Amino acid sequence: MMRTYLRLLATFFRVSLLGELAYRANFWLQMVESLIELGTALALVSVVFTYTQSLNGWHASELLILIGTYFLIGGAINMVIMPGMSRLIEQVRLGTLDYLLTKPEEAQLLVSIQRLDIWKLLDLLLGLALLVAATIWHGSWPDPLQVLAFALTLLAGTAIVYSFVLFLATLSFWYVRVENILVIFESMYEAGRWPVDIYPGWLRATLTFIVPVAFAVTVPAEALTARLTWLALLGTLTLAALSLLVARLFWRFAIRSYSGASA
Amino acid sequence: MRQLLAIYRQQLKTALAEQLQYRAALIIWLIEVALGPAVSVSVWSTVARNEGGEVNGYSSASFAAYFIATMLVNYATQTWVFWEFSRRVREGEFSPLLLRPIHPIHADLAENLAYKILMLPVIALVTLVLFLAFHASIALSLDNLLAFFPALVLAFALRFILEWTLALLAFWLTQVNVINQLYVVVVLFLSGQLVPLTFLPAPVQTASAWLPFQWMVAFPAELLVHPLSLSTLFTGLLVQLAWLLVGFALLAFTWQRGIRRYTAVGG
């Protein structure tokens, strides 16, 4: 089953790539855009660290690891999750979801990977490059256990964000104007460029439990810089499994009550 | 003059009616506008705490005041027409605007003001919440307060004129988005919105002194949060005025040439 899913993902990726290759100038535009964003983040960090040695215990190299994670996860979210979900909302509104539902594959999967914004791959790669560079600068290589924890929390964080966004998008079966909520998520994600422990309690709680930015960025970065406790790791993984389950059940419930109107 | 005022009143009314249709956008805007200063204050308060309560003369409370003030001034002076101009030119939307017996800049100005009037309650709410949440402290003096309003008006005029001129680049270039993005980043840093200007490296500060950006946000904002000497205050207003004249000259120059290049099909 997993293999079918991966094959489908590869196919969708290829089709999107072929479509995008017709507009190669977009590659360079995205490149400039990503570099501007990365440059801004790095410039701000360098200003902050001329005035302090460590930000709440995070050294400059560790903060760069966090920013690398931010770009990595952000790239993944903007490449796969966001385009598919905003299309889903549009399909529900226009009634064209009917076509998708008649296909023989699992609808939730199709909805999730139906549209890929290929060039966002650049953010992902830039984030990865920054991660490697920052780790080298950091000096001590993370031990295999930390890398494993990083990989696990990265997956868990992505799963939590995915479930959260899917949940929001599923609301469109009842409320038509939810695309605005996705925009709110996107702007809240920017707060993830800093470790959530620098925020005052109310904001930290919002970024952890209402908009799960903390799980997507801070927790994996904590794992790679040996800050994460076993308990937090376990909690994150449990939460990821739970949120996938809830999003899945909600989606099933929504699909059952869906009736196309105008396809 | 009276005729122009009447035109503005009508434009304001139309723009208000138009904007009122998109009330959901207000909430999005509220979160976006509040999040920037909240993040900046959190970061720099942490720095101040780590460094024993104060850094470069700023405490947590004065960081909070500074970033709330830049948010307010940025709200008042912000324009967004350079994001729309390229579409106007490409799709010929500019043609009907040109046919009107009045310069198209007036319509944009009226729309900008209408939007700001509409946002006023939102921004007031955000200010109050941030002020309380981050325990901001301000030291107002009467001189500063008196100078604040002319400084704000000049800052708005300067930013509006310069950014409208920037928008005119769309007459020559088809891909203006990258330029706009670069411009926005430069403004973020050099207008003092990301950090107070005194925190930037010395060469950047020198560059900033020769550029107009700090007069668009940082100067009025600083008037609100700490007392400036009378001479700094007057020099500031004069420099703003000088830049405004430069801006007008640039606008006239660019507009004359741009409008000759403009051709449209349909629209």
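Residues numbered from 1 in each chain as written. Chains lettered and ligands numbered in written order. Predicted model: local features only at pLDDT ≥ 70, side-chain atom pairs only at ≥ 80, totals over all residues. Heavy atoms only, no water.

### So, the overall build of chain A
Thought 1: Per the secondary structure count, chain A includes eleven helices and two strands.
Thought 2: Computed over its C-alpha atoms, the radius of gyration of chain A comes to 19 Å, within 12% of the 18 Å expected for a compact globule of 263 residues.
Thought 3: Projected onto its principal axes, the C-alpha coordinates of chain A cover approximately 60 × 45 × 35 Å.
Thought 4: Relative to its 263 residues, chain A shows a buried fraction of 51%.
Thought 5: Expressed as a percentage of contacts within chain A between residues at least 6 apart in sequence, the contacts between residues at least 24 apart total 81%.
Thought 6: Put simply, chain A shows about 12,600 Å² of open surface, and 68% of that area lies on carbon and sulfur atoms.
Thought 7: Between the centroid of the 16 positive side chains of chain A and the centroid of its 16 negative side chains there is a distance of 9 Å. (Helix = DSSP H or I, 4+ residues; strand = E, 2+ residues; numbered from the N terminus. Rg over C-alpha atoms; globule rule 2.2 N^0.38 Å. Buried < 20%, exposed > 50% of the residue type's maximum accessible area, 1.4 Å probe, protein only. Contact = heavy atoms within 4.5 Å. Areas by Shrake-Rupley, 256 points an atom, 1.4 Å probe, with all protein chains shown as cover. Lys, Arg positive; Asp, Glu negative; His and termini not counted. Charge placed at Lys NZ, Arg CZ, Asp CG, Glu CD.)

### Some words on the packing of helix α3 (residues 60-94) of chain A against helix α7 (residues 144-170) of chain A
Residues and elements named next belong to chain A.
Thought 1: In contact at an axis separation of 10 Å, α3 and α7 are set at 25° when each is read in the N-to-C sense. Between α3 and α7, the interaxial angle falls into the category roughly parallel. The crossing of α3 and α7 is right-handed. Contacts from T69, L72, I73, I77, I81, M82, M85, L88 and I89 in α3 reach F150, L154, T158, V161, Y162, V165, L166 and A169 in α7.
Thought 2: Tallied by class, residues from the contact of α3 with α7 come to 15 nonpolar, two polar and no charged. (Axes fitted to C-alpha atoms, helices over the stretch in contact; angles between N-to-C directions. Parallel < 35°, antiparallel > 145°, perpendicular 65-115°, else oblique. Left-handed = near helix turned anticlockwise from the far one by under 90°. Nonpolar A, V, L, I, M, F, W, Y, C, P; charged D, E, K, R; others polar.)

### Things to note about a nonpolar patch on the surface
Residues and elements named next belong to chain A.
Thought 1: A cluster of nonpolar side chains, L145, L148, L152, W230 and L237, forms an exposed patch at the surface whose accessible area comes to about 510 Å².
Thought 2: Those elements that provide at least two residues to the nonpolar patch are α7 and α11 (230-256).
Thought 3: Broken down by element, the nonpolar patch gets its largest block of residues, three residues, from α7.
Thought 4: Inspection of the secondary structure assignment puts L152 in helix α7. (Patch = residues over 30% accessible without salt bridge, like charges linked within 9 Å, V, L, I, M, F, W, Y side chains within 5 Å. Salt bridge = Lys/Arg side-chain N within 4 Å of Asp/Glu carboxyl O.)

### With respect to the side chain of B:K116
All names here are of chain B.
Thought 1: Position of K116 among the secondary structure elements: in helix α6 (residues 104-133).
Thought 2: Within the buried set, K116 has no salt-bridge partner at all; the shortest N-O distance to an opposite charge, 8.0 Å, is to E163.
Thought 3: With residues up to four places along the chain from it excluded, the contact list for K116 reads Y75, A76, T77, Q78, W80 and F156.

### Remarks on the interface of chain A and chain B
Thought 1: Every contact between the two is made by 28 residues of chain A and, on the other side, 30 residues of chain B.
Thought 2: When the two sides are added together, the surface that chain A and chain B hide from each other amounts to roughly 2,600 Å², 77% of it contributed by carbon and sulfur.
Thought 3: Across the contact surface, chain A and chain B share four residue pairs in polar contact (both at pLDDT 80 or more).
Thought 4: Among the elements of the structure, α2 (25-51), β1 (54-55), α8 (179-189) and α9 (201-210) of chain A are those that each provide at least two residues to the side of chain A that touches chain B.
Thought 5: The element that contributes the greatest number of residues to the side of chain A that touches chain B is α2(A), accounting for ten residues.
Thought 6: Here the side of chain A that touches chain B is built from residues that sort into 19 nonpolar, seven polar and two charged. (Buried area = accessible area lost by both parts, 1.4 Å probe. Polar contact = N/O pair within 3.5 Å; in protein donor to acceptor, adjacent residues only side chain to side chain.)

### Description of helix α2 (residues 23-50) of chain B
Thought 1: An ideal rise of 1.5 Å per residue puts 40 Å on 28 residues; α2(B) measures up with 41 Å between its terminal C-alpha atoms.
Thought 2: Directly beyond the C-terminal end of α2(B), a positive phi value near 85° is found at B:G52. (Expected span 1.5 Å × (residues − 1).)

### Quick notes on unusual backbone geometry
Residues and elements named next belong to chain A.
Thought 1: Of note in the backbone geometry, N56 takes a positive phi value of approximately 50° without being a glycine.
Thought 2: Along the chain, N56 falls in the loop between β1 and β2 (58-59).
Thought 3: Taking relative accessible area as the criterion, N56 reaches 31% and is therefore assigned partly exposed.

### Quick look at the side chain of B:N180
Residue and element names in this part refer to chain B.
Thought 1: Take N180: it is sitting in helix α8 (residues 177-190).
Thought 2: Here F82 takes part through its backbone oxygen, which lies 2.9 Å from a polar atom of the side chain of N180.
Thought 3: Those residues in contact with N180, other than ones at most four positions away along the chain, are F82, W83 and L166.

### Examining the nonpolar core
Thought 1: By size, the foremost hydrophobic cluster in this structure holds 169 residues, and its most contacted members are A:M85, A:W194, A:Y199, B:W44, B:F85 and B:W164.
Thought 2: Among the elements that make up this core, the one with the highest residue count is α3(A) (18 residues).
Thought 3: Other than its neighbours up to four places away in sequence, A:M85 contacts A:V111, A:S112, A:Y162, A:V165, A:L166, A:A169 and A:L182. (Core = buried A, V, L, I, M, F, W, Y, C linked by side-chain atoms within 4.5 Å.)

### Some thoughts on the packing of helix α3 (residues 60-77) of chain B against α6(B)
Each pair of packed helices can be described by the angle between their axes along with the distance between the axes.
Residues and elements named next belong to chain B.
Thought 1: Where α3 meets α6, the closest approach of the two axes is 11 Å, and the angle between their N-to-C directions is 175°. In terms of axis orientation, α3 runs roughly antiparallel to α6. Of α6, the residues touching α3 (which contributes I68, M71, L72, Y75, A76 and T77) are K116, M119, L120, I123, V126, T127, L130 and F131.
Thought 2: Grouping the amino acids of the contact of α3 with α6 by side-chain chemistry returns eleven nonpolar, two polar and one charged.

### Let's talk about the environment of A:A169
All names here are of chain A.
Thought 1: Of note, A169 is situated in helix α7.
Thought 2: A169 sits in the buried class, given a relative accessible area of 0%.
Thought 3: With residues near it in sequence (within four places) discarded, A169 still touches M85, L88, I89 and V178.

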